[in-house]
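Below are the chains, spelled out letter by letter.
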Amino acid sequence: MTTWREVAEGVYLRAYQPLDVTTCAVAGADGLLLVDTRASPSEAAEIEADIAELGRGPVRWVVNTHAHFDHTFGNQHFGPGSALDLPIYGHHLLPLHLDDHERPRLAAWRADPSNEPPRDWGQVEITPPTDLVAARRSIDLGGRSVDLLPLGRGHTDNDLVVHVPDARVWILGDVVEASGPPMYGSGCFPLDWPATVAGLVEQIDPGDVVIPGHGDPVDREFVVGQLADLATLADRLRALHAAGTTVEEALGTQDGWPFPVEGLRLAVTRAFRQLDEIGCEVPAAGGR
Ligand SMILES: [Zn+2]
């Protein structure tokens, strides 16, 4: 049975199945900020019903950590045109990712539902954030301020971190994952991901609570460990590409990967494509 866990004063998380996706709620005097909306309007309605258990007021603000379906397809339940009509905050590149990856994904699932567990895909209306975040900004929840930090390329190009400074909590979305290896999914940037996490690690203090998009809360040390694995993978991808290895040859090698190779097809494909493009690039005068 899933329940809310209070990981710091007024900061709650709940792990939902399927996909073990973490939803967070941050309480202020004026209401709750909800982080991520799950994979469909009915799943989002379940969050709204569950959140009443907290007795900390209604949801007033919604944030998406990134565009992937399991974090945004519930947006329509909370966003413009809904009964709640709430603002939804997201990285400024999130709508582009929805168009490039999540709309085609939804269309494919609707065309052939046998590819996925039955969900109410027909009910989903992809709903982009109303408030696009291009630089660090704060939201005042009433007596508590929450910071939104849009990141560079990593798990996607539209990852956004929610920091609750007074509770020393970081809500990272899928930039870090704890219930399985990092997900190299649609729109991932395997070569850039380590630098993005390295920049984040510098801001996280020992003792801070770190909430991944999937899995139990972790700490700074866990993030440092995952960063090492992300960097190992990026280095390996560069080396394989430099040696002229093809995608299929790379995926055919079993040893030396920091994560199970079965989950790395998109990592290899996207990294090699990016390296191909860099190879063709004519450096601008004065360097890159
Ligand atoms: Zn994701």
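What counts and how
- Residues numbered from 1 in each chain as written.
- Predicted model: local features only at pLDDT ≥ 70, side-chain atom pairs only at ≥ 80, totals over all residues.
- Heavy atoms only, no water.
- Salt bridge = Lys/Arg side-chain N within 4 Å of Asp/Glu carboxyl O.
- Buried < 20%, exposed > 50% of the residue type's maximum accessible area, 1.4 Å probe, protein only.
- Helix = DSSP H or I, 4+ residues; strand = E, 2+ residues; numbered from the N terminus.
- 1 Å grid on protein atoms, 1.4 Å probe; cavity = no way out; pocket = protein on both sides within 12 Å on 5 of 7 lines; lining within 4 Å.
- Points joined across faces, edges and corners; volume = space filled by probe spheres on them.
- Nonpolar A, V, L, I, M, F, W, Y, C, P; charged D, E, K, R; others polar.
- Phe/Tyr/Trp six-rings, centres within 6.5 Å; stacked < 30°, edge-to-face > 60°.
- Lys NZ or Arg CZ within 6 Å of the ring centre and 35° of its normal.
- Pairing = 2+ DSSP bridges.
- Axes fitted to C-alpha atoms, helices over the stretch in contact; angles between N-to-C directions.

### Observations regarding the pattern of salt bridges
Here's step 1: Evaluated as defined, the whole model comprises 12 salt bridges.
Here's step 2: Notably, a salt bridge pairs Arg-38 with Glu-43, separated by 3.7 Å at the nearest N-O pair. Each member of the pair Arg-38 and Glu-43 is classed as buried.
Here's step 3: As a salt-bridge pair, Arg-103 and Asp-99 come within 2.6 Å of each other at their nearest N and O atoms. Note that Arg-103 and Asp-99 are positioned in helix α4 (residues 94-111) at a spacing of four residues, about one turn of the helix.
Here's step 4: For Arg-103, a relative accessible area of 36% gives the class partly exposed.

### A short note on the layout of surface pockets
Here's step 1: Volume-wise, the largest pocket comes out at about 300 Å³.
Here's step 2: For the largest pocket, the lining is made up of 17 residues, of which Leu-19, Phe-69, Asp-70, Met-183 and His-214 are closest to its centre.
Here's step 3: Among the secondary structure elements, those contributing two or more residues to the lining of the largest pocket are α2 (69-72) and α8 (265-280).
Here's step 4: Residue classes in the lining of the largest pocket are distributed as five nonpolar, six polar and six charged.

### Comments concerning the side chain of Gln-226
Here's step 1: Here Gln-226 lies in helix α6 (residues 220-242).
Here's step 2: A residue is classified by how much of its surface remains accessible, and Gln-226, at 8% relative accessible area, is buried.

### What to know about the packing of aromatic side chains
Here's step 1: Following the criterion strictly, the structure yields seven aromatic pairs and no others.
Here's step 2: Ring geometry for Phe-69 versus Trp-121: centroids 6.1 Å apart, planes at 70°, classification edge-to-face. Of this pair, Phe-69 sits in helix α2 while Trp-121 sits in the loop between α4 and β7 (131-133), and the two are 52 residues apart along the sequence.
Here's step 3: Connected via pairs of aromatic rings, a cluster forms that spans Phe-69, Phe-73, Trp-109 and Trp-121.
Here's step 4: One Lys or Arg, Arg-60, reaches over the ring of Trp-61 and ends 5.0 Å from the middle of that ring.

### With respect to the sheet that holds strand β9 (residues 145-150)
Here's step 1: Spatially, the five strands line up as an open sheet ordered β8-β9-β10-β11-β12, and their pairing is mixed. Edge strands, defined here as strands with exactly one partner in the open sheet, are β8 (137-140) and β12 (209-212). Strand-to-strand twist in this sheet, taken as the mean axis angle between neighbours without regard to direction, amounts to 20°.

### With respect to empty space enclosed by the protein
Here's step 1: Taken as a whole and judged by the stated rule, the model has one cavity of 30 Å³ or more.
Here's step 2: Put simply, the largest cavity is a space of about 40 Å³.
Here's step 3: What lines the largest cavity is simply Thr-22, Cys-24, Val-35, Asp-36, Thr-65, Ile-171, Gly-173, Ile-211, Pro-212 and Gly-213.
Here's step 4: Among the elements of the structure, β3 (21-28), β11 (169-173) and β12 are those that each provide at least two residues to the lining of the largest cavity.
Here's step 5: Counted by class, the lining of the largest cavity contains five nonpolar, four polar and one charged residues.

Just distances and angles here, no functional claims.
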